[in-house]
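Structural characterization, general
In case you want the letters, here they are:
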Amino acid sequence: MKFIDEFRQKESSQGLLKKIRDISTKKVNIMEICGTHTHTISKYGIRDTLPSNIRLISGPGCPVCVTASGDIDKIIAFIKDEKNVIIATFGDMMRVPGTVSSLQEQKADGSDIRVVYSPLGSLDIAAANPTKEVVLFAVGFETTIPTVAATIYLAKERKMKNFSAFTLHKLTPPAMKALMDSGELNLHGFLCPGHVTAVIGAHAYKFLSDDYNTPCVVAGFEPLDAIHGLFILTKQLEEGNAEIIIQYKRVVTWEGNKKAQQMMEQVFEKCDSVWRGFGKIPMSGLRMRDEYSDYNAECKFEMPAIDYEDPGACTCGNVLKGLSSPNQCPFFSTACTPETPLGPCMVSSEGTCAAYYKYGVPTTAI
Amino acid sequence: MAGTTKDASLMFTDNVTIGDYVIIHAGFAIQKVNEKEAQETLRIINDLINDKPSNI
């Protein structure tokens, strides 16, 4: 078994979609909060084949998209001031517009900004450039956080002198709580991200069942997984259940990956964080612990203080909260395209606007 | 998959050997794929489609 083709079978997918249509009667709002789910659902046209009483909303599933533009402004201001610095970052971050500029534009202006596939790549850059300061600019949810934590941990073990990280990590469960508390959306259930949950464990969503009577299903990313996940969620909603169920059992467990959790805990502690579209969500972010302050770019350097104001034109905030669809944004596919993005939802490979642009606006889009 | 070779750290996994499948993210294996569970999921889906009684 190769674990990919088997979960892309067309007949099984269509069979399951028919089952959803057979059992679904209630008008429900389901949110998926994972950029990869957003893309799978768009790519395979799943939204269009669901019955019209199921409203499937894309939420804040893209860590690049929820990074406040003030934080992009901060790193750009930093690299303009500090000449002896190499910034290492993930590919998606390069084209995200801050208020005035982007990392890609800064690179064109002469700043040394390099894309890494793995945060470990930034340690290699630091080792190869001993006279330069290397700063890893890292965003990401809980799938990525252990990898960045391990990188910082290794830098400290190796006593590296020219490496630090500017980390803007955010946590998934607090965002889900904020969405429920906002009352703006009337959500009935969540399709939960497979690989975030492989790390944090399905128990992390128990509060949604206990305190909010809201069912969650942790689904994989192949089309059959996503549809199976939606079936299980629909069945729960029809029967009035509110359990946390794992569809993606070949990868996800109730406890999660303890080694990855320990590494996150070793290097980071929770803090408040500003999310694009949401503003401040309490205890929804991570900062480095004091014992790692030598590797914390915000401690090592004077980073400018920046106001957190979202740029006026971009309506990514409402898209991220699921309050509007990309096609409802006046700039979608006109001023804002993948080539000329106004906001992160169009830039990022996991962004909702990018998915709608690439795979088409579903006929059931609001 | 499909012939691409990449290095990855195994620091977050246990007992991974040649022939196993893992989920790789940003240069790290974050979980081993459980083949038994994969077979079970496919069986459950198959039962669902064919109206055979099964747990979810």
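1. Let's talk about the overall build of chain A
Summing up its helical and strand segments, chain A has 16 helices and eleven strands in all. Taken against the 2.2 N^0.38 rule, which gives 21 Å for 366 residues, the C-alpha radius of gyration of chain A at 21 Å falls within 12% of a compact globule. With the C-alpha coordinates of chain A rotated into their principal frame, the extents come out at 65 × 45 × 40 Å. A buried classification covers 54% of the 366 residues belonging to chain A. Counting contacts in chain A only where the partners sit at least 6 residues apart, residues at least 24 apart contribute 77% of the total.

2. Quick word on the interface of chain B and chain A
Taken together, the contacts link 23 residues of chain B with 30 residues of chain A. Of all the secondary structure elements, the ones that give two or more residues to the side of chain B that touches chain A are β1 (22-25), β2 (28-32) and α1 (35-49) of chain B. Classifying every residue of the side of chain B that touches chain A gives 15 nonpolar, five polar and three charged.

3. Notes on helix α11 (residues 223-239) of chain A
All names here are of chain A. Here α11 contains 17 residues, and its C-alpha end-to-end distance of 24 Å stays within 8% of the 24 Å for a straight helix at 1.5 Å per residue. Most of α11 sits out of view: 14 of its 17 residues are buried. Residue Gly240 follows α11 closely and has a positive phi angle near 75°.

4. Considerations on the pairing of strand β5 (residues 133-138) of chain A
All names here are of chain A. Judged by how many residues are buried, β5 sits mostly within the fold: five of six residues are covered. In terms of strand pairing, strand β3 (residues 85-89) meets β5 through five bridges, oriented parallel. Residue Ile87 lies in a different strand from β5, and its bridge partner there is Val135. As defined by bridge partners, β5 adjoins strand β6 (residues 163-167) across five bridges and the pair is classed as parallel. The residue bridging Phe137 from the neighbouring strand is Phe166, located in β6. Of the crossover connections in this fold, the one passing from β5 over helix α7 (residues 145-157) to the parallel β6 is right-handed.

5. Focus: the sheet that holds strand β2 (residues 54-58) of chain A
Residues and elements named next belong to chain A. Strand order in the open sheet formed by five strands is β2-β1-β7-β8-β9, and the pairing between neighbours is parallel. Looking at the sheet topology across the chains shown, the edges are occupied by β2 and β9 (244-246). Strand-to-strand twist of the sheet, defined as the mean angle between neighbouring strand axes without regard to direction, takes the value 20°. Of the pairings in the sheet, the one linking strand β7 (residues 189-193) to strand β8 (residues 216-219) comprises four bridges and is parallel in character. Counted as the bridge partner of Cys192 is Val218 from β8. Packing against the sheet, helix α2 (residues 35-43) makes contact with β1 (28-32), β2 and β7, and its axis sits at approximately 120° to β1.

6. Observations regarding α1(B)
Taking 1.5 Å as the rise per residue, α1(B) with 15 residues should run 21 Å; its terminal C-alpha atoms sit 21 Å apart, in good agreement. Regarding α1(B), the residues found buried are B:Ala38, B:Thr41, B:Ile45 and B:Leu48. Here the buried residues of α1(B) occupy an arc of 90° about the axis, which is enough to place them on one side. For α1(B), the exposed residues set more than 90 degrees away from the buried face come down to B:Lys36 and B:Arg43. Contact partners of the buried residues in α1(B): α1 (10-23) and α11 of chain A.

7. Notes on the domain arrangement of chain A
Residues and elements named next belong to chain A. Once the domains are mapped, chain A shows domain 1 (1-311) and domain 2 (316-358). Computed from C-alpha coordinates alone, the two centres of domain 1 and domain 2 are separated by 17 Å. Opposite the 26 residues of domain 1 that make contact, domain 2 presents 20 residues. Broken down by class, the residue content of the side of domain 1 that touches domain 2 amounts to eleven nonpolar, ten polar and five charged.

8. Focus on the environment of A:Phe141
Residue and element names in this part refer to chain A. With respect to the secondary-structure elements, Phe141 resides in the loop between β5 and α7. Note on Phe141: 24 C-beta atoms within 10 Å, which makes it buried. Phe141 sits 89 residues away from Ser52 along the chain, and the two C-alpha atoms are 31 Å apart. Among residues more than four places away in sequence, those in contact with Phe141 are Pro63, Lys170, Thr172 and Val196.

Basis of the calculations
The numbering scheme is per chain: residues are counted from 1 as the chain's sequence reads. Here chains are named by letter from A upward and ligands by number from 1 upward, in the order in which they appear as written. With the structure being a predicted model, the display of local features is reserved for residues of pLDDT at least 70 and the display and counting of side-chain atom pairs for 80 or more, all residues being used for whole-chain, interface and lining totals. Numbering of helices and strands starts at the N terminus; helices are DSSP runs of H or I of at least 4 residues and strands are runs of E of at least 2. Only C-alpha atoms enter the radius of gyration, while the globule expectation follows 2.2 Å times N to the 0.38, with N the number of residues. With C-beta atoms placed from the backbone, a residue is buried if 20 or more other C-beta atoms are within 10 Å of its own, exposed if 12 or fewer are, and partly exposed between those counts. A pair of residues counts as a contact when their C-beta atoms, built from backbone coordinates, are separated by no more than 7 Å. Here the nonpolar group is Ala, Val, Leu, Ile, Met, Phe, Trp, Tyr, Cys and Pro; Asp, Glu, Lys and Arg are the charged ones; every other residue, Gly included, is treated as polar. Multiplying 1.5 Å by the helix residue count minus one yields the expected span of that helix. What makes two strands pair is DSSP finding at least two bridges between them. Here, the term right-handed applies to a crossover whose path from the first strand over the helix to the second runs clockwise when the strands point away from the viewer. What counts as an axis is a line fitted to C-alpha atoms, over the stretch in contact for a helix, and the angles between N-to-C directions run from 0 to 180 degrees. What the arc measures is the spread of directions leading from the helix axis to the C-beta atoms. Domain boundaries shown here were taken from an automatic or database domain assignment.

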